[in-house]
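These are the residues of each chain, in order.
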Amino acid sequence: MDYRFGKQYRLLKTDDFSSVFAFRKRRSRDLLQVSRSNGNGLNHPRIGLVVGKKTAKRANERNYMKRVIRDWFRLNKNQLPPQDFVVRVRRKFDRATAKQARAELAQLMFGNPATGCGKQV
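Here's what I pulled together on the structure shown here. This one's a predicted model, so the numbers in the text were calculated from it and none came from an experiment.

### Observations concerning the pattern of salt bridges
For side chains of opposite charge, pairing can occur when their charged atoms come near one another. This structure, assessed with the given rule, holds 5 salt bridges. Among the ionic pairs, aspartate 30 bridges to arginine 91, the shortest N-O distance being 2.6 Å. Of this pair, aspartate 30 sits in the loop between strand 1 (25-28) and strand 2 (32-36) while arginine 91 sits in the loop between strand 4 (84-89) and helix 3 (98-110), and the two are 61 residues apart along the sequence. On the accessibility criterion, arginine 91 (41% relative accessible area) is partly exposed.

### Things to note about the packing of helix 2 (residues 59-76) against helix 3
At a minimum axis distance of 11 Å, the contact between helix 2 and helix 3 shows a crossing angle of 50°. In terms of axis orientation, helix 2 runs oblique to helix 3. Relative to helix 3, the crossing made by helix 2 is right-handed. Contacts between helix 2 and helix 3 involve Tyr64, Val68, Ile69, Trp72, Phe73 and Asn76 from the first element and Ala98, Arg102, Leu105, Ala106, Met109 and Phe110 from the second. Looking at side-chain class alone, the contact of helix 2 with helix 3 contains 10 nonpolar, 1 polar and 1 charged residues.

### Remarks on helix 2
Because an α-helix completes one turn every 3.6 residues, residues spaced three or four positions apart along the sequence face the same direction. For helix 2, with 18 residues, the first-to-last C-alpha span of 26 Å sits near the 26 Å given by 1.5 Å per residue. What helix 2 keeps buried is the set Arg62, Tyr64, Met65, Val68, Ile69, Trp72, Phe73 and Asn76. One face of helix 2 carries all of its buried residues, which in axial projection span an arc of 170°. In the core, the buried residues of helix 2 are packed alongside strand 2, strand 3 (46-50), strand 4 and helix 3.

### Some words on the pairing of strand 1
Examined bridge by bridge, strand 1 and strand 2 share 4 bridges and lie antiparallel to one another. Each residue of the ladder has a partner; that of arginine 26, found in strand 2, is serine 35.

### Describing the packing of aromatic side chains
Per the stated rule, a full pass over the model turns up 1 aromatic pair. Over the ring of tyrosine 9 we find lysine 77, and its NZ or CZ is 4.1 Å from the ring centre.

### So, the environment of valine 50
Within the secondary structure, valine 50 is located in strand 3. Classification of valine 50 by relative accessible area gives partly exposed; the value is 25%. Residues valine 50 and arginine 62, spaced 12 residues apart in sequence, show a C-alpha to C-alpha distance of 9.4 Å. For valine 50, the residues in contact, after removing those within four places along its chain, are Phe17, Val86, Val87, Arg88 and Val89.

The rules behind these values
- Residues numbered from 1 in each chain as written.
- Predicted model: local features only at pLDDT ≥ 70, side-chain atom pairs only at ≥ 80, totals over all residues.
- Heavy atoms only, no water.
- Salt bridge = Lys/Arg side-chain N within 4 Å of Asp/Glu carboxyl O.
- Helix = DSSP H or I, 4+ residues; strand = E, 2+ residues; numbered from the N terminus.
- Buried < 20%, exposed > 50% of the residue type's maximum accessible area, 1.4 Å probe, protein only.
- Axes fitted to C-alpha atoms, helices over the stretch in contact; angles between N-to-C directions.
- Parallel < 35°, antiparallel > 145°, perpendicular 65-115°, else oblique.
- Left-handed = near helix turned anticlockwise from the far one by under 90°.
- Contact = heavy atoms within 4.5 Å.
- Nonpolar A, V, L, I, M, F, W, Y, C, P; charged D, E, K, R; others polar.
- Expected span 1.5 Å × (residues − 1).
- Arc of directions from axis to C-beta.
- Pairing = 2+ DSSP bridges.
- Phe/Tyr/Trp six-rings, centres within 6.5 Å; stacked < 30°, edge-to-face > 60°.
- Lys NZ or Arg CZ within 6 Å of the ring centre and 35° of its normal.

Listed below in structure tokens is the structure:
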């Protein structure tokens, strides 16, 4: 198993983010929102993160949220389809609620729309 999080697994350019947002495939929960593309033409998934200053004013809080999401992705990327994902933090979470954020992320990434987990937007 490869648990690294190299550059090939990241969305870095504005065009990459824009192409994911253009598909309008979004699912939301209380803390997180995940947008996904149909496919990225690669053999692995990629992830982009959006944590705005409105969500958390302090940089260390935003960095913590990004670190939690990146770590979850790093451990589960081998089970994800080869698509581009953009994870947007809707509401601030900290160490006390990080477990809930990880559970929501798993539901949004793996959840089937037919089962009703995750609100389709």
